[in-house]
Amino acid sequence: MKMNRALLLPPLLTLVSASLLACGEASDPTSAPSPADRSPTSEAGPTAVEEAGPQPRVAVSYDGGVLVLDPESGEVLLDEPLDGYVRLNPAGDDRHAFVSAAGAFTALDLGSWTEAHGDHGHSWSTDPTLTSFSVPAEEPGHAVAHDGLTTLFDDGTGDVTVVDPFRIAEGEDPVVDTTTLPEPHHGVAVRSAVGTLLHTVGDAESRSGVRVVTASGAELAASDECPGVHGEAFAGDVAVVGCEDGLLVVDGRTITKVDSPDAYGRIGNQAGHETSPFVLGDYKSDPDAELERPTKVSVVDTRDAALRLVDLPASYSFRSLARTPDGDGLVLGTDGALHVVDVRRAEVSRSFPVVEPWREPMDWQQPRPTVQVVGDTAYVTEPARDRLHVVDLASGEVVDTHRLPHTPDEVVATAG
């Protein structure tokens, strides 16, 4: 392991794309309250009604659009046609998702939310809708929710747009900051509430590392020891970024390189947790594979940058990783089971069947079983049967299965 530019910075994090910031002015970094102080508002027009309790919602993308359904009844509440390949990401406010489709990131209102009122909450619902708030993008890429903000990255232009998702329902301009990076690339950026930005470094040909910069663009830390940098996750305020030979742990101004046990040991997709110091990641070790179907996952302890590998009874895909409510890992295997990974012991602690066995398709844009966790519930798609399964993680039981009108691809769920 190597330490790179260890400085002193409050434990905040933000990812930002490679190279120097340009063409953007950061707003007052104190203007975005902590997520703990925020809740979605009921400013959704006259159709909003108060409910007896939270109303969960699930958004599912498909080839040609996106739908929103009630996971308790299976009723489809919205079926919105869209052009281009459609992707979904949580907006970070437990009400909206960002839809990435041809030419833009667009906010999707899933139509339910709960306002915190001291020791209780008020739950509301309205019709789901694709909102009028949209951020143009030549190649809409990663959308990362962290620290009460969501950072949108345009692979085609290097544009980074920071959004306060809580302003969307309030009818205010949610854009907090915009930045254009000198070299467009397939990257990712994340900004913290206090204004620090973490971003990948690269160009159209290659990607090599990350930088951490202030709101004015001053460099606080950097590392070029991350070939093929891809994917990010947070353990609280500590970021983990994947590389083709390990990963980077970014804690404030300290960047630690963690080497894979193999010369080529690619970690490119991770799942973090707000209260766990461990980050779950994928792990591939064959640089010549057209499509490697890995059977190991990685677990890094961000407190000491220790990396361990866990053997699984089946392979999995990049949409297979999630976390349980208490912080253990969750992997949806091609054997059809959800495998719980004890991240402290780095071992599989239990498994339970959910879908039929499946095989990962060669094209990454082709649907495959996908898992999303909200609270104690896992939502698992089964494209081969056009199904959505609702899994109680405490018991491991499939408590509901819903037939979908389209073959599901990506999933975003909210607790309502």
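Heads up: the structure comes first, above all this text.
About the cut-offs
- Within each chain, residues carry numbers counting from 1 in the order of the written sequence.
- It should be noted that, the model being predicted, local features are given only for residues of pLDDT at least 70 and side-chain atom pairs only at 80 or more, the latter also being counted only at that level, while totals for whole chains, interfaces and linings use all residues.
- Heavy atoms throughout the structure, all of them, feed into the side-chain values; hydrogens and water do not.
- Secondary structure elements are defined from DSSP: runs of H or I of at least 4 residues count as helices, runs of E of at least 2 residues count as strands, and each element is numbered from the N terminus.
- A simple rule labels every residue: compare its accessible area, found with a 1.4 Å probe on the protein chains alone, to the largest value its type can have, and call it buried under 20%, exposed over 50%, or partly exposed in between.
- Working rule for contacts: check all heavy atoms of both residues, and any pair within 4.5 Å makes them a contact.
- The Shrake-Rupley method, run with a 1.4 Å probe, gives the accessible areas here. Residue values count only the displayed protein chains as cover.
- Two cysteine sulfur atoms make up a disulfide if the distance between them is within 2.5 Å.
- Aromatic rings from Phe, Tyr and Trp, with only the six-membered ring used for Trp, were paired whenever their centres fell within 6.5 Å, and each pair was classed as stacked if the ring planes differed by under 30 degrees, edge-to-face if by over 60, and tilted otherwise.
- Each ring is checked for a lysine NZ or an arginine CZ that lies within 6 Å of its centre and within 35 degrees of its normal; such an atom marks a charge sitting over the ring.
- Every definition here rests on a 1 Å grid over the protein atoms only: cavities are sets of points where a 1.4 Å probe fits but cannot get out, pockets are open sets enclosed by protein on both sides within 12 Å along at least five of seven lines, and lining residues have some atom within 4 Å of a point.
- Grid points are joined across faces, edges and corners, and a volume is the space filled by probe spheres set on the points.
- Polar here means any residue other than Ala, Val, Leu, Ile, Met, Phe, Trp, Tyr, Cys and Pro, which are nonpolar, and Asp, Glu, Lys and Arg, which are charged; Gly is therefore polar.
- Criterion used throughout: strands pair if DSSP finds at least two bridges between them.
- To obtain each axis, a line is fitted to C-alpha atoms, and for helices this fit is confined to the stretch in contact; angles are then taken between N-to-C directions over 0 to 180 degrees.
- As used in this record, nonpolar core signifies buried Ala, Val, Leu, Ile, Met, Phe, Trp, Tyr and Cys residues forming a set joined through side-chain atoms within 4.5 Å.

Q: Before we move on, can you summarise the overall build of the protein with the specific residues and values?
A: Helix and strand counts for the protein come out as zero helices and 36 strands. Buried residues in the protein amount to 57% of all 416 residues. A separation of at least 24 residues holds for 52% of the contacts in the protein among residues at least 6 apart in sequence. Total accessible area on the protein is roughly 16,400 Å²; 47% of this is exposed by carbon and sulfur atoms.

Q: Give a detailed account of the state of the cysteines, specifying residues and quantitative values.
A: As enumerated under the stated definition, the model contains one disulfide in all. Covalently, C226 is tied to C243 through a disulfide, its sulfur atoms 2.0 Å apart. What sets the handedness of the C226 and C243 disulfide is the S-S torsion sign, and at about -105° it is left-handed. In this pair, C226 is assigned in the loop between strand 19 (219–223) and strand 20 (230–235) and C243 in strand 21 (residues 238–243), connecting sequence segments 17 residues apart. One exposure class covers both C226 and C243, and it is buried.

Q: Go over the packing of aromatic side chains, please, and point to the residues and values.
A: Under the counting rule described, the total for this entry stands at three aromatic pairs. Considering the side-chain rings of Y85 and W364, the 5.6 Å spacing of their centres and the 85° angle between planes classify their relative orientation as edge-to-face. Here the residue Y85 occupies a position in the loop between strand 5 (76–81) and strand 6 (87–90), and W364 occupies one in the loop between strand 31 (347–353) and strand 32 (371–374), the gap between them amounting to 279 residues. Under the relative-accessibility criterion, Y85 is labelled partly exposed at 26%. Note on F98 and F133: the rings are 6.4 Å apart at their centroids and 65° apart in plane angle, and the pair reads as edge-to-face. Of this pair, F98 sits in strand 7 (residues 96–101) while F133 sits in strand 11 (residues 129–136), and the two are 35 residues apart along the sequence. Accessibility expressed as a relative area gives 0% for F98, which makes it buried. Aromatic ring contacts, followed pair by pair, group Y85, F318 and W364 into a single cluster. Looking at R95, its charged tip hangs above the ring of W113, at a distance of 3.5 Å from the centre.

Q: Just give me the short version of the layout of surface pockets, but keep the residues and values in it.
A: Taken as a whole, the second largest pocket spans an internal volume of roughly 180 Å³. What lines the second largest pocket is Y62, D63, Y85, V86, D363, Q365, Q366, P367, T407 and D409. Of the residues contributing to the lining of the second largest pocket, the split by class is four nonpolar, three polar and three charged.

Q: I'd like a rundown of the sheet that holds strand 13 (residues 149–154), residues and numbers included.
A: Within the open sheet, the four strands sit side by side as 12-13-14-15. Their pairing is antiparallel. Only two strands of the sheet have a single neighbouring strand rather than two, namely strand 12 (140–146) and strand 15 (175–180). Neighbour-to-neighbour, the strand axes of this sheet turn through a mean angle of 15°, independent of strand direction.

Q: Before we move on, could you go through the pairing of strand 33 (residues 377–382) and cite the residues and values that matter?
A: Strand 33 sits mainly inside the fold: five of its six residues count as buried. The pairing of strand 32 with strand 33 spans four bridges and is antiparallel. From the neighbouring strand, V373 faces strand 33, where its bridge partner is A378. Pairing of strand 33 with strand 34 (residues 387–392) involves six bridges; the strand directions are antiparallel. Each residue of the ladder has a partner; that of V380, found in strand 34, is H389.

Q: Please provide a residue-by-residue account of the pairing of strand 19, values included.
A: In terms of residue burial, strand 19 counts as a mostly covered element, since four of its five residues are buried. Pairing between strand 18 (residues 207–213) and strand 19: four bridges, direction antiparallel. Bridge assignment links V213 to a residue of strand 19, and that residue is E219. Joining the antiparallel neighbours strand 18 and strand 19 is a turn of five residues, in which G217 adopts a positive phi near 100°.

Q: Outline empty space enclosed by the protein, listing residues and values.
A: Tallied over the entire structure, the rule returns one cavity of 30 Å³ or more. Taken together, the residues of the lining of the largest cavity sort by class into two nonpolar, six polar and no charged.

Q: Go over the environment of G272, please, and point to the residues and values.
A: Its location among the elements puts G272 in the loop between strand 24 (270–271) and strand 25 (278–283). G272 sits in the partly exposed class, given a relative accessible area of 28%. It is 5.4 Å that separates the C-alpha atoms of G272 and A235, two residues lying 37 residues apart in sequence.

Q: Give me the lowdown on the sheet that holds strand 35 (residues 397–403), citing residues and values where you can.
A: One open sheet accounts for four strands, arranged 32-33-34-35; its pairing is antiparallel. Two strands lie at the open edges of the sheet, namely strand 32 and strand 35, each paired on one side alone. Between one strand axis and the next, the sheet turns through 20° on average, direction left out of account. Sheet topology places strand 34 next to strand 35; six bridges connect them, and they run antiparallel. Bridge pairing in strand 35 places L388 opposite H402.

Q: Outline the nonpolar core, supporting the account with residue identities and numerical values.
A: The biggest cluster of nonpolar side chains holds 17 residues, and the ones touching the most others in it are L198, V210, V212, L248, V250 and I255. Every element with two or more residues in this core is listed here: strand 18, strand 19, strand 21 and strand 22 (246–251). The element that contributes the greatest number of residues to this core is strand 21, accounting for three residues. Judged by nonpolar contacts, the second largest core, of 14 residues, contains L332, L338, V355 and L393.

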